[in-house]
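Coordinate analysis (summary)
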Amino acid sequence: MLVAFALPAFAQSSPTPPPPAPPLPPPTLTVQGRGEVRVPNTVAVVQLGFEAAGPEEAAVREDVTKRSAAVIAALKEEKAERLQTAAVNIRPEFSRPQPDAGKRPLPPKIVGYTGQVTVTFQLPVEKAGRVISSMMALGANSVSNLFTTPSDEDRREAEDAALTLAAKDAEAQAKALLGALQLQWAGIRSVDATGGQFAPSPMPRAARMMAADAAPLPPLDVQGGETAISREVTMQVEFRGQ
C-alpha cells in the first residue's frame, strides 16, 4: 500500500527594508565675535616697604615692627581695604675676610642685619596720593608697587556689556556673510563664550624713597586711567539655500 504525506508549505517572508536614513543636519557657518568695553580704574592697589639695617638683630626687628605697626594702624583709620602684611624678612649680612697669603680662607662673618616688612592694601584712586605720602612720612621707606584697577562691581558690569557686544557682533557677521552668499539663516546650533580677557593697567613702579633721608614731598598725584575689558563669542550658525 502506497501512503503519501503532504507537508504544509511555509510562506517565504520578504526581507525587511532598511530604515530610512536620518536627514542630514543643515550645513553650518562658524564666526567669532568680539566686544570691548573701557572702564575707569577707580581702585589703587599699593605695596609699601619698611626697611632697616644695623649691627643688632633685635634692634632691626624692633625698628621695622614699630614703623609697620604705626602705618597699619593709620591705614585702618583711612579705611584701607584688603590690608595685609605680605612679607617679613630678617636676614644677616656677611663679610668675607681676605686670608693672608698662603693661609686657609676665613669663614664668613656676620657684620649686621637687614629687616624688611611689606604691607599691601587698596583704596580709592582719589585718596591714593595723599595716603601714600602720609604713610611715607609716618615710617614707610618705599612704594614697592602700585597699580590701578576697576572695582569688582564695575568689572563685572563691563564684562557683561562686552559679552553682549561680542554676541551681537558674531550674529551680525554671520548674517552679513550669509546675505552676501545668498543663503538663508536657519538658526544657531551652538555658542561658546569662554573667550575673553581682563588685564589691570599697571602703573610704573614708584621710585624708592627713603623717608629718613628725603625731604618732605608734596602728595603724589595718582591717575587711575582705564582698563579695556574684552569678551569673545564663537557662534555656529545653521543655514540653507534660497
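Details of the structure are given in the entry above.
Just so we're clear, the structure is a prediction, and the values are computed from it rather than from any experiment. (Residues numbered from 1 in each chain as written. Predicted model: local features only at pLDDT ≥ 70, side-chain atom pairs only at ≥ 80, totals over all residues. Heavy atoms only, no water.)

What about the overall build of the protein chain?
What the protein chain contains, in helices and strands, is three helices and eight strands. Along the chain direction, N to C, the helices and strands of the protein chain fall in the order β-β-α-β-β-α-β-α-β-β-β. Within the protein chain, the proportion of its 242 residues that are buried is 30%. Surface exposure of the protein chain reaches about 15,900 Å², of which carbon and sulfur atoms provide 56%. (Helix = DSSP H or I, 4+ residues; strand = E, 2+ residues; numbered from the N terminus. Buried < 20%, exposed > 50% of the residue type's maximum accessible area, 1.4 Å probe, protein only. Areas by Shrake-Rupley, 256 points an atom, 1.4 Å probe, with all protein chains shown as cover.)

Some thoughts on the pattern of salt bridges
When the charged atoms of two side chains with opposite charge come close together, those side chains can pair. Under the definition given, this model contains 14 salt bridges. Residues arginine 38 and glutamate 226 are paired through a salt bridge, measuring 2.8 Å at the closest nitrogen-oxygen approach. Residue arginine 38 is found in strand β1 (residues 28–40), and its partner glutamate 226 is found in strand β8 (residues 226–241); the two are separated by 188 residues along the sequence. The exposure class assigned to arginine 38 is partly exposed, which follows from its relative accessible area of 49%. For lysine 127, the salt bridge goes to glutamate 78, with nearest N and O atoms at 3.7 Å. Placement of lysine 127 in helix α2 (residues 125–138) and of glutamate 78 in the loop between α1 (57–77) and β3 (81–95) is noted, with a sequence separation of 49 residues between them. Taking relative accessible area as the criterion, glutamate 78 reaches 19% and is therefore assigned buried. (Salt bridge = Lys/Arg side-chain N within 4 Å of Asp/Glu carboxyl O.)

Some points on α1
Since one α-helical turn is 3.6 residues long, residues separated by three or four positions face the same way. For α1, with 21 residues, the first-to-last C-alpha span of 31 Å sits near the 30 Å given by 1.5 Å per residue. Among all positions of α1, only Val60, Val64, Arg67, Ser68, Val71, Ile72, Ala74 and Leu75 are buried. Looking straight down α1, one finds that the buried residues subtend no more than 165° of arc, so they occupy a single side. Of the residues in α1, the exposed ones pointing more than 90 degrees away from the buried face are Lys66, Lys76 and Glu77. (Expected span 1.5 Å × (residues − 1). Arc of directions from axis to C-beta.)

Here's the deal with the packing of aromatic side chains
Enumeration over the complete set of coordinates arrives at zero aromatic pairs. When the ring centre of tryptophan 185 is taken as reference, the NZ or CZ atom of lysine 175 above it lies at 5.1 Å. (Phe/Tyr/Trp six-rings, centres within 6.5 Å; stacked < 30°, edge-to-face > 60°. Lys NZ or Arg CZ within 6 Å of the ring centre and 35° of its normal.)

What about the nonpolar core?
Within the largest apolar cluster, 26 residues are counted, with the highest numbers of intra-cluster contacts made by Val46, Leu48, Leu75 and Phe121. Of all elements in the fold, only β2 (43–54), α1, β4 (109–124), α2 and β5 (142–149) reach the threshold of two or more residues within this core. The residues touching valine 46, leaving out its near neighbours within four places in the chain, are Val119, Thr120, Phe121, Leu123, Ile132, Val143, Asn145 and Leu146. Among the nonpolar cores identified, the runner-up in size contains eight residues, and Val31, Ala170, Ala174 and Val237 belong to it. (Core = buried A, V, L, I, M, F, W, Y, C linked by side-chain atoms within 4.5 Å. Contact = heavy atoms within 4.5 Å.)

A word on the side chain of threonine 148
Positionally, threonine 148 belongs in strand β5. Within the structure, threonine 148 has its side chain in polar contact with the side chain of asparagine 41 (distance 3.4 Å). In this structure the side chain of threonine 148 is engaged in a polar contact, spanning 2.7 Å, whose partner is the backbone oxygen of glycine 224. (Polar contact = N/O pair within 3.5 Å; in protein donor to acceptor, adjacent residues only side chain to side chain.)

A short note on the environment of leucine 83
Assignment of secondary structure puts leucine 83 in strand β3. Under the relative-accessibility criterion, leucine 83 is labelled partly exposed at 26%. Once the C-alpha coordinates of leucine 83 and valine 119 are considered, the two residues, 36 residues apart in sequence, prove to be 7.3 Å apart.

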